[in-house]
Amino acid sequence: QVQLVESGGGLVQAGGSLRLSCAASGLTFSTYVMGWFRQAPGKEREFVAGISRSGVGTYYADSVKGRFTISRDNAKNTVYLQMNSLKPEDTAAYYCAADWSLGVTRSAREYDFWGQGTQVTVSS
């Protein structure tokens, strides 16, 4: 049984930082592309960042480029999202997802497994 468990969300002031973690189990982690998505109330789920199976390739939404960093530790079956210079518009539920694919995709439909999400709230 595949499980993706996010942690690290919370309430932070604008300009602050948070580090999200996603611990995976029940799958061969190193063979999955990993992604972070977010969904704000009343909005569609959107791609935030993705990382290749080896960790060499990273991809970001334009809205977070230069502020967020995705990384992974295949020995720990964990993917991270370091979020700096947070803005109120970053407020959303953040989800990690796993895609058994060769390359990183920004389409949520391509991802096979999802975590339950962790809430990030940025106050102004």
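Not measured: the values here are computed from a predicted model. (Residues numbered from 1 in each chain as written. Predicted model: local features only at pLDDT ≥ 70, side-chain atom pairs only at ≥ 80, totals over all residues. Heavy atoms only, no water.)

Visitor: How would you explain the pattern of salt bridges if you had to name every residue and give the values?
Guide: Considering all chains together, one arrives at four salt bridges under this definition. The shortest N-O distance in the salt bridge between Asp90 and Arg38 comes to 2.9 Å. Here Arg38 lies in strand S4 (residues 33-39) and Asp90 lies in the loop between strand S8 (78-83) and strand S9 (92-99), a separation of 52 residues in the sequence. Of the charged contacts, one joins Asp62 and Lys65 as a salt bridge, the two residues approaching to 3.2 Å between their closest N and O atoms. There is no split in this pair, since Asp62 and Lys65 are both exposed. Among the ionic contacts, a cluster of salt bridges with common partners joins Arg38, Glu46, Arg67 and Asp90. (Salt bridge = Lys/Arg side-chain N within 4 Å of Asp/Glu carboxyl O. Helix = DSSP H or I, 4+ residues; strand = E, 2+ residues; numbered from the N terminus. Buried < 20%, exposed > 50% of the residue type's maximum accessible area, 1.4 Å probe, protein only.)

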